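Listed below, chain by chain, are the residues.
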Amino acid sequence: MSGYKTGRDIMKTVRLLFLAGAAGDPTFWQPVANLLPASYRCTLQAYPEFAGQPKVASVHSFATLSDWVIDHISQPTIIVAQSMGGIIAIQAALRKPNYVQGLVLVATSGGLDTSALGAADWREDYLLNLAHLPTWFVEAQYDLSPDLAHVKQPVLLLWGDADPISPLAIGHALQQQLPHAHLHMIPQGQHDFAYQHAPQVAQHIRAFIESL
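A. Expanded view of the side chain of Gln91. With respect to the helices, strands and loops of the structure, Gln91 is situated in helix H3 (residues 85-95). Among the residues examined, Gln91 registers a relative accessible area of 9% and is labelled buried. What Gln91 contacts, discounting residues up to four positions off in sequence, is Phe62, Ser66, Ile70, Tyr142 and Leu144.

B. Looking closely at the nonpolar core. With 46 residues, the main nonpolar core has Ile79, Leu103 and Phe137 as its most contacted residues. The biggest single contributor to this core is H3, with six residues.

C. Structural context of the packing of aromatic side chains. A full pass over the atoms with the stated rule returns ten aromatic pairs. Where Phe18 meets Trp29, the ring centres are 5.3 Å apart and the plane angle is 45 degrees; that geometry is what we call tilted. Of this pair, Phe18 sits in strand E3 (residues 15-19) while Trp29 sits in the loop between E3 and helix H1 (30-35), and the two are eleven residues apart along the sequence. With centroids separated by 6.2 Å and ring planes inclined at 90 degrees, the aromatic side chains of Tyr47 and Phe50 adopt a geometry described as edge-to-face. Note on accessibility: Tyr47 and Phe50 belong to one class, buried. One aromatic cluster is present, formed by Tyr47, Phe50, Phe62, Trp136, Phe137 and Tyr142 through successive ring pairs.

D. Geometry of H3. H3 sits mainly inside the fold: nine of its eleven residues count as buried. Those residues of H3 not exposed but buried are Gly85, Gly86, Ile87, Ile88, Ala89, Ile90, Gln91, Ala92 and Ala93. Where H3 is buried, its residues contact E3, helix H2 (62-71), strand E5 (77-82) and strand E6 (100-106).

E. Spatial organisation of the pattern of salt bridges. Counted according to the given criterion, the structure contains three salt bridges. Across the pair Arg123 and Asp121 runs a salt bridge whose closest N-O atoms are separated by 3.7 Å. Two residues, Glu210 and Arg206, come together in a salt bridge whose shortest N-O distance is 3.0 Å. Of the two residues, Glu210 and Arg206 are both situated in helix H8 (residues 198-211); the distance of four residues between them amounts to about one turn of the helix. Exposure remark for Glu210: the relative accessible area of 44% places this residue in the partly exposed category.

F. Fine view of the sheet that holds E5. Pairing is parallel in the open sheet, where six strands are placed in the order E4-E3-E5-E6-E7-E8. Looking at strand neighbours, the two that pair on one side only are strand E4 (41-44) and strand E8 (181-186), the edges of this open sheet. Taken over all neighbouring pairs, the strand axes of this sheet differ in orientation by 20 degrees on average, direction set aside. Both E3 and E5 contribute to a ladder of four bridges, which runs parallel. When the bridges of E5 are listed, Leu16 appears paired with Ile78.

G. Local environment of the environment of Ala169. Relative to the helices and strands, Ala169 is located in helix H6 (residues 168-177). In this structure the C-alpha to C-alpha distance between Ala169 and Trp159, which are ten residues apart in sequence, comes to 9.5 Å.

Scoring rules and cut-offs
Residues numbered from 1 in each chain as written. Predicted model: local features only at pLDDT ≥ 70, side-chain atom pairs only at ≥ 80, totals over all residues. Heavy atoms only, no water. Helix = DSSP H or I, 4+ residues; strand = E, 2+ residues; numbered from the N terminus. Buried < 20%, exposed > 50% of the residue type's maximum accessible area, 1.4 Å probe, protein only. Contact = heavy atoms within 4.5 Å. Core = buried A, V, L, I, M, F, W, Y, C linked by side-chain atoms within 4.5 Å. Phe/Tyr/Trp six-rings, centres within 6.5 Å; stacked < 30°, edge-to-face > 60°. Salt bridge = Lys/Arg side-chain N within 4 Å of Asp/Glu carboxyl O. Pairing = 2+ DSSP bridges. Axes fitted to C-alpha atoms, helices over the stretch in contact; angles between N-to-C directions.

As structure tokens, then:
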């Protein structure tokens with residue numbers, strides 16, 4: 001596949017920007033990227049100070065990390081985002097609608113109040129097991145619910161049915177609030193199902209892109 005149709009236009013290049021979750025490890029997405037067509041240009045985004053990356057002076061919080069990632073989006077792009085990366089993805093769709101062509105949101109809060117939707121609190125375990133990482137993700141408090149109706153891009157929601165951190169109820173809530181969203185469930189999918197069930201996830205992403 002050398003491109004995909006969107007309206008009457010034919011996009012000659014498919015660019016995918018993969019955003020990791022709070023662990024900040026871009027290789028989380030490598031199994032999925034390996035299964036997509038070679039013609040897709042996949043960028044597995046690294047975050048400053050995560051996964052062995054150096055510091056960037058302007059990045060010192062989740063808000064400035066979001067700004068940094070979004071500032072680097074300068075071409076038509078589809079964003080594929082896991083967990084906390086989904087909050088960055090939604091902000092990018094709102095700020096750069098001419099560049100962000102679509103979103104694939106995977107097991108994310110989407111900026112909703114997840115405790116009200118039955119989500120387990122992951123922050124204590126994160127601080128205990130990943131104490132060497134910056135605490136930006138733990139400290140981030142976002143309510144994007146007033147903005148979700150303004151996301152005009154098509155959105156693919158991928159959710160596992162066995163994920164205590166981002167239960168299926170969150171996926172259903174996002175489907176209701178995002179105007180152009182479709183939800184698909186991965187059986188027996190836990191929070192890392194995009195890594196554990198890469199063939200299914202890659203198939204859904206490819207079908208989504210071909211439908212645009």
